[in-house]
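The residues making up each chain are set out below.
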2 protein chains.
Amino acid sequence: MNRQVILTSRPAGVAQAENFAVISAESLPLGPGQLRIRNQFLSVEPAMRGWIADLGNYSAPVAIGSVMRALAAGEVIESTAEGWHAGDQVCGWFGWQEEAVVAPDAILRRIAERDLSPSLSLGVLGINGVTALLALTRIGEPQPGETVVVSTAAGGVGSAVGQIAKLLGCRTVAITGGPEKVTQCLTEFGYDAAIDYKADGLNEALAAACPNGIDVYFDNTAGVISDAVMPQLAIGARVVVCGTASLTQWNPWPSGPRVERHLLVKRARMQGFVIFDHMDLWEGAVARLAGWVRDGKLRYSEEILEGIEACPDALAGLYRGENKGKRLIRV
Amino acid sequence: MNRQVILTSRPAGVAQAENFAVISAESLPLGPGQLRIRNQFLSVEPAMRGWIADLGNYSAPVAIGSVMRALAAGEVIESTAEGWHAGDQVCGWFGWQEEAVVAPDAILRRIAERDLSPSLSLGVLGINGVTALLALTRIGEPQPGETVVVSTAAGGVGSAVGQIAKLLGCRTVAITGGPEKVTQCLTEFGYDAAIDYKADGLNEALAAACPNGIDVYFDNTAGVISDAVMPQLAIGARVVVCGTASLTQWNPWPSGPRVERHLLVKRARMQGFVIFDHMDLWEGAVARLAGWVRDGKLRYSEEILEGIEACPDALAGLYRGENKGKRLIRV
């Protein structure tokens, strides 16, 4: 039997535990050109809100009654597909389930870093790390000496952005929530300054941490945090729009202070980044990130929940801000 | 005597006639390395609101009691500056006055197109035309076959943007105000479609005019017009933030629908453009524009008000939307 997490109803905002069910299904027989994968780690990520939402997005919504779309890392245990063999380590679109039967196009990559945990392919060597590196370098274009501000700075993407920006010679400023994460940003991820947005005075704290303005803003939140950052952009600033974690409702569409004047006066650029547009750069990015990980220059934080029963509430928990590091489920 | 228009008080929003005074001052003696210029045409432009505003902007505010900052075109009538002689046609920062005594650094350029009216150097061969060409090509990056939407499409910048985009092989869609300007956009400036934003149904009209979405949005207005455009951006769209004409108050800062999600889902880019960052490209741009003007491929519309007494109310009139074409004062 194969235990699976099914989407049972479509939430208005972030999916809660009651929008899912854990069921047992019979294992599928393997057709020609297919692989059976035993999942080892399942990913839980903010983007899942978008995959579930029934509105214009960059991917079709997960259908009611189907296995929740998710990246996972696992091992090929049976294969009728050319070039794939039992024992191969892979990560890809295997869903929130114990076992997946897939065609090779569901595989994102063969995990080459056998010296590192396969869980890393869902975090610092996966979408998080690759997004951090490519969005920062290709859209943020940080130059040595510039000031880079990161929202959700202790998160899976943010923590990598901060460290990579530092490796590239920038001054790095974290925006995060709570004193514990502030400490983590400073001691673990090496930020030059860290601001607790839940404490008073975000505007003043940003001004103090960024005396020459903000050259790159790596935005994972939108909302009131971005509203505080935008007026403090430096001339020629780049805003990387990577996520909108602070906005949980789209009906009615959320409002906020207009950005046009900031962009005009500062000759600034604001641009959205979706990793799936940059798949051709994936392997090169992973190789660079893995090198930094092995050298101890790129630290990461994982929070591993045990058992597939943890899945249904795991996404809502992300949006409650309770996770400490990249959230994963060990199957 | 030299008649001048002086800023007498700082307005909260757009400067009105009562914020200026027309005075007569004695002509200044010419110092060494200076030029005396007899102004022929004075420019009136939306950016003046920003030059007057006492808040963070890309140029220092015009001081109370000083001649209103303005571009003008005129003739050198006396010179002690090397390389400049009586009879030279020039345009530059000569202010709202009949006669200016300046150092050469106030000169933007020597007008080489003696076959064309010097007024053009304040419009289609000046900031408007050069802004249109450079902002469209460098930030908008229009590709043949793409759909380009222009706000204030009949204005000095907008009308040039629409025609240049068309010359570059794009489908062009005008957003403008009133049936008269709609007709002008279609017949005079060659737009493929023109929408009257004052009539009902901007969303529906945009959807009908842009069935494949909007690849380039050249924005001179911000505000509710942009709010209608943003949800209809195509994947990979570019938004050129060139002006914010529809927003007249900055205290309190205006709010509107958030753009982050549109930029993210559409992997779109939104970037501010200020012409003064691109002065090295000016002469090349003017040469290209002048060629199109001589060939009859780039049409322009001028509205020439007579006499310096017209200056004080001319700017407020722009924001009342009453001008027909590039507004100029003939001295």
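Conventions and cut-offs
Residues numbered from 1 in each chain as written. Chains lettered and ligands numbered in written order. Predicted model: local features only at pLDDT ≥ 70, side-chain atom pairs only at ≥ 80, totals over all residues. Helix = DSSP H or I, 4+ residues; strand = E, 2+ residues; numbered from the N terminus. Rg over C-alpha atoms; globule rule 2.2 N^0.38 Å. Buried ≥ 20, exposed ≤ 12 C-beta atoms within 10 Å, placed from the backbone. Contact = placed C-beta atoms within 7 Å. Axes fitted to C-alpha atoms, helices over the stretch in contact; angles between N-to-C directions. Parallel < 35°, antiparallel > 145°, perpendicular 65-115°, else oblique. Nonpolar A, V, L, I, M, F, W, Y, C, P; charged D, E, K, R; others polar. Pairing = 2+ DSSP bridges. Domains from an automatic or database assignment. Least-squares fit on C-alpha atoms with pLDDT ≥ 70 in both. Expected span 1.5 Å × (residues − 1). pLDDT = per-residue confidence, 0-100. Right-handed = clockwise from strand over helix to strand, strands pointing away.

Turning our eyes to something else, we now look at the overall build of chain A. Secondary structure assignment for chain A yields 9 helices and 16 strands. Its C-alpha radius of gyration of 20 Å places chain A within 12% of the 20 Å reference for a compact globule of 331 residues. Based on the C-alpha atoms only, the size of chain A along its principal axes is roughly 60 × 45 × 35 Å. For chain A, the proportion of its 331 residues judged to be buried stands at 49%. Within chain A, counting contacts between residues at least 6 apart in sequence, those at least 24 apart form 65% of the total.

We now examine the packing of helix H2 (residues 127-140) of chain B against helix H8 (residues 282-294) of chain B. All names here are of chain B. The N-to-C vectors of H2 and H8 enclose an angle of 100°; their axes lie 9 Å apart at closest approach. Of the possible angle classes, the one that applies to H2 and H8 is roughly perpendicular. Contact with H2, carried on its side by Gly129, Val130, Leu133 and Leu134, involves Trp282, Ala285, Val286, Arg288 and Leu289 of H8 and no other residues of that element. Residues of the contact of H2 with H8, tallied by class, amount to 7 nonpolar, 1 polar and 1 charged.

Another point: unusual backbone geometry. Residues and elements named next belong to chain A. A cis amide bond links asparagine 251 to the next residue, proline 252, at an omega of 5°. Its location among the elements puts proline 252 in the loop between strand E12 (233-241) and strand E13 (255-257). For threonine 152, which is not glycine, the phi dihedral falls at a positive 45°. Relative to the assigned elements, threonine 152 resides in the loop between strand E8 (147-151) and helix H3 (156-167).

Before going further, it helps to spend a moment on the sheet that holds strand E14 (residues 269-272) of chain B. Strand order in the open sheet formed by 12 strands is E10(A)-E9(A)-E8(A)-E11(A)-E12(A)-E14(A)-E14(B)-E12(B)-E11(B)-E8(B)-E9(B)-E10(B), with mixed pairing between adjacent strands. One side of each edge strand has no neighbouring strand; the edge strands of this open sheet are strand E10 (193-196) of chain A together with strand E10 (193-196) of chain B. The mean inter-strand angle of the sheet, taken between neighbouring strand axes irrespective of direction, is 15°. Together, E8, strand E9 (171-176) and strand E11 (214-219) of chain A form the strand contacts of H3 of chain A, whose direction differs from that of E8 of chain A by roughly 170°.

Residue and element names in this part refer to chain A. Once the domains are mapped, chain A shows domain 1 (2-123 + 300-330) and domain 2 (127-276). Its C-alpha centre places domain 1 at a distance of 28 Å from the equivalent point of domain 2. Domain 1 puts 12 residues into the contact, and the matching count from domain 2 is 13 residues. Each residue belonging to the side of domain 1 that touches domain 2 can be placed in one class, and the counts come to 7 nonpolar, 4 polar and 1 charged.

What follows deals with the relation of the copies chain A and chain B. Between chain A and chain B, the superposition needs a rotation of 180° and an axial shift of 0.0 Å, giving an RMSD of 0.0 Å. Here the copies are linked by what is in effect a two-fold axis.

Attention now goes to the interface of chain A and chain B. Interfaces are often described in size by the accessible area the parts lose on coming together. Opposite the 30 residues of chain A that make contact, chain B presents 30 residues. It is helix H7 (residues 260-265) of chain A that contributes the most residues to the side of chain A that touches chain B, 5 residues altogether. Split into classes, the residues belonging to the side of chain A that touches chain B amount to 15 nonpolar, 8 polar and 7 charged. Across 3 bridges, E13 of chain A lies against strand E13 (residues 255-257) of chain B in antiparallel orientation. Bridge assignment links glycine 256 of chain A to a residue of E13 of chain B, and that residue is glycine 256 of chain B.

Here we come to H3 of chain A. Residues and elements named next belong to chain A. Taking 1.5 Å of rise per residue, 12 residues should cover 16 Å, and H3 covers 17 Å from first to last C-alpha, within 8% of that figure. Next to the buried residues of H3 lie helix H2 (127-140), E8, E9, helix H4 (179-187), E11 and strand E16 (326-330). Once H3 ends, the next one or two residues include glycine 169, with phi positive near 95°.

The next subject is the confidence of the model for chain A. Taken as a whole, chain A shows an average pLDDT of 94; of its residues, 99% reach a score of 70 or greater. Model confidence for the complex: the whole-complex pTM is 0.88, and ipTM, which rates the interface, is 0.87.

Next up on the list: the pairing of strand E5 (residues 89-93) of chain B. Pairing analysis gives 5 bridges linking strand E4 (residues 71-79) of chain B to E5 of chain B, with the strands arranged antiparallel. Directly across from alanine 72 of chain B, in E5 of chain B, lies its bridge partner glycine 92 of chain B.

Residue and element names in this part refer to chain A. Residue placement: alanine 234 occurs in strand E12. The class of alanine 234 is partly exposed, set by 18 C-beta atoms lying within 10 Å. Considered as a pair, alanine 234 and proline 32 are 202 residues apart in the sequence and their alpha carbons are 57 Å apart.

Tracing the sequence through the fold places arginine 267 of chain B in the loop between helix H7 (260-265) and E14. If near-sequence neighbours (up to four positions away) are discounted, arginine 267 of chain B is found in contact with Gly272, Phe273, Val274 and Asp277 of chain A together with Ile235 and Gly236 of chain B.

On to the pairing of E9 of chain A. Residues and elements named next belong to chain A. Of all 6 residues in E9, 6 are buried, a share of seventy percent or more. Here E8 runs beside E9; their pairing, made up of 5 bridges, is parallel. Within E9, the position partnered with valine 148 by the bridge is threonine 172. The parallel pair E8 and E9, bridged by H3, forms a crossover whose chirality is right-handed.

Moving on to the environment of valine 286 of chain B. Locating valine 286 of chain B in the fold gives a position in helix H8. With 208 residues separating them in the primary sequence, valine 286 of chain B and glutamate 78 of chain B have C-alpha atoms 26 Å apart.

Count 3.6 residues to each turn of an α-helix, and residues three or four apart come out pointing the same way. Residue and element names in this part refer to chain B. Within the sequence span of helix H9 (residues 311-319), burial applies to Cys311, Pro312, Ala314, Leu315, Ala316 and Leu318. Against the buried residues of H9 lie strand E1 (2-7), strand E2 (20-25), strand E3 (35-43), helix H1 (48-52), strand E15 (302-306) and strand E16 (326-330). One or two positions beyond H9, positive phi appears at glycine 321, with a value near 75°.

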